[in-house]
Amino acid sequence: MPNMSLKKVPIPEQDPQVRNKNFDEVALGYTEEMAIEEAKRCLNCKHKPCIAGCPVNVQIPEFISLIAEGKFAEAYETIIQTNSLPAVCGRVCPQETQCEQRCVRGIKGEPVAIGRLERFAADWAMKHLEKTYEKTPRNGKKVAVIGSGPSGLSCAGDLIKMGYDVTIFEAFHTAGGVLVYGIPEFRLPKALVQKEIDGLLAQGVEIRTNMVIGKTFTIDELFQEGYSAVFIGSGAGLPNFMNIPGENLNGVYSANEFLTRINLMKAYKNDADTPIKRGKTVAVVGGGNVAMDAARSAIRLGADKVYIVYRRSEKELPARLEEIHHAKEEGIIFKFLTNPIRILGDENGWVTGLECVEMELGEPDASGRRRPVVKEGSQHILEVDTVIISIGTSPNPLIRGTTPDLETNQWGCIVADEQTGQTSKEGVFAGGDAVTGAATVILAMGAGKAAAKAIDEYIKSKG
Amino acid sequence: MYKIVRKEVLNAQVKLLEIEAPFVARKAEPGQFIILRAYDEGERIPLTIADYDREKGTVTIIFQEVGASTRLLGSLNVGDSLADFCGPLGVASHFEGVKKAAIIGGGLGTAIAYPQAKKLHSMGVDVDVITGFRNKDLIILEKEMAAVSNRLIVTTDDGSNGTKGFVSDILKKLIDEGNTYDVVVAIGPPIMMKVVSDVTRPYGIKTIVSLNPIMIDGTGMCGGCRVTVGGKIKFACVDGPDFDGHQVDFNELIRRLSIYKDHERAAQERHQCRLEGKINA
Ligand SMILES: Cc1cc2nc3c(=O)[nH]c(=O)nc-3n(C[C@H](O)[C@H](O)[C@H](O)COP(=O)(O)OP(=O)(O)OC[C@H]3O[C@@H](n4cnc5c(N)ncnc54)[C@H](O)[C@@H]3O)c2cc1C
Ligand SMILES: Cc1cc2nc3c(=O)[nH]c(=O)nc-3n(C[C@H](O)[C@H](O)[C@H](O)COP(=O)(O)OP(=O)(O)OC[C@H]3O[C@@H](n4cnc5c(N)ncnc54)[C@H](O)[C@@H]3O)c2cc1C
Ligand code: FES
């Protein structure tokens, strides 16, 4: 008998007024009982609309039925057939525009909490299952993977299982990509990402940190080193600025810098070596997940007031619903239809304010979203001491600048076949944000997996 | 990995470490830098590649102990290893077509300028080197610079080594005496680079400066190292660190270098204990 409640079983969370002062995880996860109760809301529809909404086609009704039966290990096994990072995806996927959007239960009431259930199964497995890896026999061929974000990790994970010797080249001193330097601890505990990486290491993947491809090695040099194919999963890490006056004042950060200091360099800890400015009044410009993470980090560092300044309306916010909801609960103030035009500073060059104009929504633009236009006479100043710019990132030019035969488009994204990740250069495949521009974890992961398959076919075809 | 194979104390605050880093040594060029972490959890410290030996697979760094992280680095010894050593980063210096150059090193900047002098010298360029220090106890790399220059002038602010004056005044004198230069390379504290750029501007001499803003990744992903050059934002770690001194907004650079003053003071005090623990051990 399905559970016909119109609402999802609530997930226990830290109280907003407590959690906005710490960096511990916000959502605490379902207990076994809660998971079974929520799993019973699934109608196990014959046509399985949810699966079509999942970029990697997780067998959703199947794993949820298994949870409902209390078969948690089997549920986990079902998920990882197509998703190698369920503990991550259960936490950060935009389920409301993917699987849960298609859920029949969502027509009247809330959809089944697919993301929470995925997280439950993954967390349960981490706690209860002893991971053993069968070592596939090695086939003697080497593949290089550039970048250790979700695309690189999933590509490496599949290739090692196929018998390749896989080396990941990572520019930073720690592997994980955005999962470690961007997404904060309170949303995605770093210990969890490390477990996924440890799993790859246990299977024989080699991770070489401090290796900046384009500098330490070029792609051509990787081939000279004996790699038969290369996968580029270098992400989109180059921060965009607004090109407004005052952007170089002291107290203006890119979201990347702000979050890297906090997450990768642990600047939120009081005794960390790497410093961060703890602003008292902070404006974050932008409306995506990155902006939410920056704002919620700023409040946790002790800010009294944190604004999200976004030039469109609430409806257009690209961030995950849950993050917007959490940000509001934690006291973040949203300034919609507001666009910064200048950053003001004092005589010593420190930020004192953000000058903005109000916007109205005009005609829809190419993306179908209504284009904001300036409202006459609406100029005003937000008094802040810190401004964090979070208006998007582009792929880093280091690789394309040193690989002349690698085709890129006008935004600097690598041109690659959607199905296989094949680039314009023989033996070189690419996927994730480096190809699509800033997107999602699940898409990057899917691209890594697709490329692993194509790399296998490519190497076999060469004999 | 990243083992220290040689350590030298150049003056009370400046130390030299030669480090095993074959992948960096293989590609290093003058003008480039590395980022290291002395230990896990440590800060990422950008330092110029002062020298490299491709055959031995080593890279030499020379650094001044200005704060907590560099002092900790200075407390390490031969046989110790660094946690991380990443590079070579930044764009290598280019000197095509140069016949006569003046290299100006201010204090520790002398160490950063050394590989450029060496390179120019090896290209057969006529190199004048002017290095300046606050007093004679702080003089570094005198022998090394002498070996890669046609003329070396070492000056001190207080005249304690017999030659008194700022490097910029000496450069101006040389120019006024009729010396001509295709390029001036000025490396040192931002204020010194600014003054040298002001000296060369009226003569229209191309002036290259090496900017050391605060960096984290060194690969262009944070923008913390941004500087204004010719009115445009540049990321010093990937577009530089060498820039045209006549185009650089030095005041902004100086201001941005002071962002973490308070934190740095606190870190110094905290590290003092850790450091003393180390020294006593
Ligand atoms: C703050 C933040 C929050 C986000 N929140 C979400 C969310 O909630 N849900 C969601 O689905 N997505 C989210 N995203 C987006 C998601 O994280 C990315 O789409 C995803 O990580 C892309 O994966 P990737 O493997 O392509 O690249 P990345 O994760 O960016 O990894 C690229 C890796 O390559 C390395 N690298 C780059 N250049 C080189 C080089 N030249 N040599 C060697 N290594 C190199 C980088 O250091 C990095 O480790 C968020 C992003 C950010 C920044
Ligand atoms: C490309 C580049 C090359 C450099 N080469 C050399 C070199 O060859 N020898 C040398 O002695 N120094 C060099 N520096 C400067 C050196 O990185 C700093 O002195 C060092 O990071 C200071 O760390 P600290 O913790 O000891 O001092 P702190 O007490 O933290 O800071 C002292 C001062 O150092 C500067 N600084 C602090 N952190 C950084 C950082 N992450 N990046 C840059 N500057 C910082 C600030 O101006 C600060 O006021 C270079 C810097 C750059 C960017
Ligand atoms: S140091 Fe981060 S972009 Fe230059």
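Nothing here was measured: the structure is a model prediction, and the numbers come from that model. (Residues numbered from 1 in each chain as written. Chains lettered and ligands numbered in written order. Predicted model: local features only at pLDDT ≥ 70, side-chain atom pairs only at ≥ 80, totals over all residues. Heavy atoms only, no water.)

1. Quick notes on the overall build of chain B
Check the secondary structure of chain B and you find nine helices and 15 strands. Against the globule reference of 19 Å for 281 residues, chain B gives a C-alpha radius of gyration of 18 Å, in line with a compact fold. On the principal axes, the C-alpha backbone points of chain B span a range of 55 × 40 × 40 Å. A total of 281 residues make up chain B; the buried ones form 56% of that total. (Helix = DSSP H or I, 4+ residues; strand = E, 2+ residues; numbered from the N terminus. Rg over C-alpha atoms; globule rule 2.2 N^0.38 Å. Buried < 20%, exposed > 50% of the residue type's maximum accessible area, 1.4 Å probe, protein only.)

2. Let's talk about the overall build of chain A
Looking only at helices and strands, chain A has 18 helices and 16 strands in total. Projected onto its principal axes, the C-alpha coordinates of chain A cover approximately 65 × 60 × 50 Å. Residue burial in chain A is summarised as follows: out of 463 residues, 58% are buried. Counting only contacts in chain A whose residues sit at least 6 apart along the sequence, the fraction spanning at least 24 positions is 69%. Side-chain charges of chain A comprise 53 positive and 59 negative groups, with the mean position of each set lying 3 Å from the other. (Contact = heavy atoms within 4.5 Å. Lys, Arg positive; Asp, Glu negative; His and termini not counted. Charge placed at Lys NZ, Arg CZ, Asp CG, Glu CD.)

3. A short note on the site of ligand 2
Residue and element names in this part refer to chain B. Around ligand 2 sit 23 residues in total, of which Pro46, Thr48, Ile62, Gln64 and Thr70 are the nearest. Ser69 has a polar backbone atom sitting 3.1 Å from an oxygen atom of ligand 2. Contact with the protein chains hides 89% of the accessible area of ligand 2, taken as 850 Å² for the molecule alone. When residues of the shell around ligand 2 are traced back to their parent elements, those giving at least two are strand E4 (45–48), strand E6 (58–64) and helix H2 (68–74). The biggest single contributor to the shell around ligand 2 is E4, with four residues. (Near = heavy atom within 4 Å. Polar contact = N/O pair within 3.5 Å; in protein donor to acceptor, adjacent residues only side chain to side chain. Areas by Shrake-Rupley, 256 points an atom, 1.4 Å probe, with all protein chains shown as cover.)

4. What to know about the environment of Asn20 of chain A
Residues and elements named next belong to chain A. Here Asn20 is to be found in the loop between helix H1 (16–19) and helix H2 (32–39). Asn20 gets classed as buried once you look at its relative accessible area, which sits at 6%. Considering only alpha carbons, one finds Asn20 and Arg300, 280 residues apart in sequence, at a separation of 5.1 Å. Residues contacting Asn20, with those up to four places away along its chain left out, are Ile299, Arg300 and Glu330. Of the polar contacts made by the side chain of Asn20, one reaches the side chain of Lys21; its length is 3.1 Å. A distance of 3.1 Å separates a polar atom in the side chain of Asn20 from the backbone oxygen of Glu330.

5. Examining the sheet that holds strand E6 (residues 252–254) of chain A
All names here are of chain A. Strand order in the open sheet formed by five strands is E6-E14-E7-E8-E9, and the pairing between neighbours is parallel. Looking at the sheet topology across the chains shown, the edges are occupied by E6 and strand E9 (333–335). Pairs of neighbouring strands in the sheet enclose a mean axial angle of 20°, with direction left out of account. Taken strand by strand, helix H13 (residues 255–264) contacts E6 and strand E14 (386–389), and its axis lies near 85° from that of E6. (Pairing = 2+ DSSP bridges. Axes fitted to C-alpha atoms, helices over the stretch in contact; angles between N-to-C directions.)

6. A few points about the pattern of salt bridges
For the coordinates displayed, the defined rule picks out 42 salt bridges over all chains. Of the charged contacts, one joins Asp456 of chain A and Lys460 of chain A as a salt bridge, the two residues approaching to 3.0 Å between their closest N and O atoms. One end of the pair is Asp456 of chain A and the other is Lys460 of chain A, both in helix H18 (residues 441–462) and four residues apart, which spans about a single turn. Asp456 of chain A sits in the buried class, given a relative accessible area of 13%. Its salt-bridge partner being Arg6 of chain B, residue Glu8 of chain B comes within 2.5 Å of it at the nearest N-O pair. Judged by relative accessible area, Glu8 of chain B falls into the partly exposed class, the value being 31%. With relative accessibility at 31%, the residue Arg6 of chain B sits in the partly exposed group. Within this structure, Glu13, Arg19, Arg187, Asp293, Arg296, Arg300, Arg320, Glu322, Glu323, Glu329 and Glu330 of chain A form a network of salt bridges that share partners. (Salt bridge = Lys/Arg side-chain N within 4 Å of Asp/Glu carboxyl O.)

7. Details of the sheet that holds strand E7 (residues 84–89) of chain B
All names here are of chain B. The antiparallel open sheet is built from three strands, whose spatial order is E4-E3-E7. Looking along the sheet, the strands with just one partner apiece sit at the ends: E4 and E7. Strand-to-strand twist of the sheet, defined as the mean angle between neighbouring strand axes without regard to direction, takes the value 25°. Two strands pair when backbone bridges link them, and strand E3 (residues 33–37) and E7 are joined in this way by four bridges, in the antiparallel orientation. When the sheet's bridge partners are listed, Arg37 is paired in E7 with Asp84.

8. Section: the nonpolar core
Ranked by internal contacts, the top residues of the largest apolar core, which has 74 residues, are Ile60, Phe63, Ile67, Leu117 and Ile455 of chain A. If one sorts the elements of this core by residue count, H18 of chain A sits on top with nine residues. For Leu117 of chain A, the contacting residues outside a window of four places in its chain are Tyr30, Ala35, Glu38, Ala39, Phe63, Ile64, Ile67 and Val112 of chain A. Core analysis: the next-biggest nonpolar cluster, separate from the first, contains 53 residues, Ile35, Leu174, Leu211 and Cys225 of chain B among them. (Core = buried A, V, L, I, M, F, W, Y, C linked by side-chain atoms within 4.5 Å.)

9. Observations regarding a nonpolar patch on the surface
A surface patch of nonpolar side chains, amounting to about 380 Å² of accessible area, comprises Met1, Met4 and Leu43 of chain A. For Met1 of chain A, the location among the structural elements is in the segment before H1. (Patch = residues over 30% accessible without salt bridge, like charges linked within 9 Å, V, L, I, M, F, W, Y side chains within 5 Å.)

10. Remarks on the interface of chain B and chain A
Every contact between the two is made by 45 residues of chain B and, on the other side, 44 residues of chain A. Sorting the residues of chain B by area buried against chain A places Met221, Arg226 and Tyr260 of chain B first, and these three jointly supply 18% of that buried surface. Where chain B packs against chain A, one counts one salt bridge. Between Glu221 of chain A and Lys27 of chain B there is a salt bridge, with the nearest N and O atoms lying 2.7 Å from each other. For the pair chain B and chain A, the number of links is 22 residue pairs in polar contact (both at pLDDT 80 or more). Mapped onto the side of chain B that touches chain A, the elements with two or more residues apiece are helix H1 (22–27), E7, strand E13 (226–229), strand E14 (232–235), helix H8 (250–257) and helix H9 (261–280) of chain B. Among the elements that line the side of chain B that touches chain A, the one with the most residues is E7 of chain B, at six residues. A per-class count over the side of chain B that touches chain A returns 19 nonpolar, 12 polar and 14 charged. (Buried area = accessible area lost by both parts, 1.4 Å probe. Nonpolar A, V, L, I, M, F, W, Y, C, P; charged D, E, K, R; others polar.)

11. Describing helix H5 (residues 72–80) of chain A
All names here are of chain A. Buried within H5 we find Phe72, Ala75, Tyr76, Thr78 and Ile79. Take H5 and look down its axis: the buried residues cluster within an arc of 160°, on one side only. Here the buried face of H5 lies against H2, helix H4 (60–68), helix H6 (86–92) and helix H8 (114–128). (Arc of directions from axis to C-beta.)

12. Focus: the side chain of Thr260 of chain A
In this structure, Thr260 of chain A sits in helix H13. For Thr260 of chain A, the residues in contact, after removing those within four places along its chain, are Phe172, Tyr181 and Met265 of chain A together with Ile216 and Met221 of chain B.

13. Remarks on the confidence of the model for chain B
Residues and elements named next belong to chain B. Summarising the model, chain B shows a mean pLDDT of 92, and 96% of its residues fall at 70 or more. Of all the helices and strands in chain B, H9 carries the lowest mean pLDDT, 67, while strand E15 (residues 242–244) carries the highest, 97. Confidence estimates for the predicted assembly give a pTM of 0.93 and an ipTM of 0.91. (pLDDT = per-residue confidence, 0-100.)

14. Some details on the pairing of strand E4 (residues 227–232) of chain A
Residue and element names in this part refer to chain A. E4 sits mainly inside the fold: five of its six residues count as buried. Here strand E1 (residues 142–146) runs beside E4; their pairing, made up of five bridges, is parallel. Across the sheet, residue Val143 finds its bridge partner in E4, namely Ala229.

15. Examining unusual backbone geometry
Residue and element names in this part refer to chain B. The omega torsion of the bond from Gly87 to Pro88 falls at -5°, within 30 degrees of zero and hence cis. Take Pro88: it is sitting in strand E7. Geometrically, the link from Gly240 to Pro241 is a cis peptide bond, its omega value of 10° lying close to zero. Checked against the element boundaries, Pro241 lands in the loop between helix H7 (236–239) and E15.

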